Amino acid sequence: MTAGPSLLDAAPQQRPTQLGLGPWAYDRGEFVAATAPRLPLSTQGLHYGTAVFEGIRAYRSEHGLQLFRAREHYERLLRGCRILRITGIPSTAQELIDITVELLRRNAHEGDVYVRPVAHKLSLLPGTPPGVSLAGVSDALSLTTFGYPTSSGAAEVRCALSAWRRPSSDALPVQAKTAGGYVTSALACDEARAAGYDDAILLDRWGNVAEASTANVFVVRDGVLVTPPASGDLLPGITRDTVITLCRETGTTVLERTLSPADLYTADEVFLTSTGKGVASVVELSGRAIGSGTTGPVAARVAALYHTATTARGGDVGHPEWLLTVTPSEPLPHPSSTPSEGTNR
Ligand SMILES: Cc1ncc(COP(=O)(O)O)c(C=O)c1O
């Protein structure tokens, strides 16, 4: 059986449209054809999960293409780099934003875009003994972009409570998006999908709600939003922060406190937040309907607020610092997809 086309299947020489990998990538200091880079088979980040990554969105609206909260995403990436001793890459959020803007200009996607930067450990430096280490290993940074349309409303998802627990922060730096940490997310998501659900919600070691496989969790009860505290065993999402900020600014109470599975089952509404999903309404959990079993009024309002914030003209929602317009450049010739000498490092 052949699998259907994936986001990664777009031919490199094609101009990207709604879906697909942009023809250019950034790899270790150069803009190259997205299909050209070849990493050594000994790449440490691949063997040991010693990589950190981000998912950043640029939204296309009547105001052009705008990156959303890129600075906060890159600050989180750089904090992760500090944990993994990744130093050999551009070291400020501004430099990383500049690279991203240049890549988006080159790739000229027609619609919404997903930007994927990855910083990782690469090769043992001379004198470093083989083995699992952070010091004495070179570093690399790559960026790719994908056409990835978003919707303005809340998607509906059916979730399973996972048997896999979110690792605790004394076992894994859960506040960083480390590649190795996503093994748990992949196992939980796979388990949920094999049972016919869309996604998984994971508990922490104490049995409290941590987060979904790649999203934060909010509960609505009597019009008040409750979400587990950022100090817990979860990734403090930038979408989570956006939603908390916008809700508080528009008069909705948001509490950060621990939630039990029973809080989910008895909630009026449950929704997830992430850069990838935006705001998604959880309509079922492990075979039980949540609230009315459809998207509730609060999730719908939060999704609309979030959509406005991501597509507004900078300043219209009171946060000009969240949006960065990518001004188009003159069309560039398409890159050659032949691996260039020097990329096979
Ligand atoms: C484990 C996990 N939690 C939460 C989130 C949400 O984070 P953000 O809103 O910054 O995308 C993500 C995003 O990918 C994630 O992977």
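Residues numbered from 1 in each chain as written. Predicted model: local features only at pLDDT ≥ 70, side-chain atom pairs only at ≥ 80, totals over all residues. Heavy atoms only, no water.

Now for the domain arrangement of the chain. Taken domain by domain, the chain consists of domain 1 (12-149) and domain 2 (155-314). One C-alpha centre belongs to domain 1, the other to domain 2, and the line joining them spans 26 Å. Facing 21 residues of domain 1, the contacting portion of domain 2 comprises 23 residues. Where domain 1 abuts domain 2, roughly 1,800 Å² becomes buried across the two surfaces, and 62% of that area is made up of carbon and sulfur atoms. Summed over the three residues of domain 1 that lose the most area to domain 2, namely F53, F68 and R76, the buried surface amounts to 32% of that side. Taken together, the connections running from domain 1 to domain 2 amount to one salt bridge. A salt bridge links R69 to D241; the nearest nitrogen and oxygen atoms lie 2.9 Å apart. Mapped onto the side of domain 1 that touches domain 2, the elements with two or more residues apiece are strand 4 (51-53), strand 5 (56-61), strand 6 (64-68) and helix 2 (70-83). When residues in the side of domain 1 that touches domain 2 are grouped by element, the largest group, five residues, is from helix 2. Of the residues contributing to the side of domain 1 that touches domain 2, the split by class is nine nonpolar, seven polar and five charged. (Domains from an automatic or database assignment. Contact = heavy atoms within 4.5 Å. Buried area = accessible area lost by both parts, 1.4 Å probe. Salt bridge = Lys/Arg side-chain N within 4 Å of Asp/Glu carboxyl O. Helix = DSSP H or I, 4+ residues; strand = E, 2+ residues; numbered from the N terminus. Nonpolar A, V, L, I, M, F, W, Y, C, P; charged D, E, K, R; others polar.)

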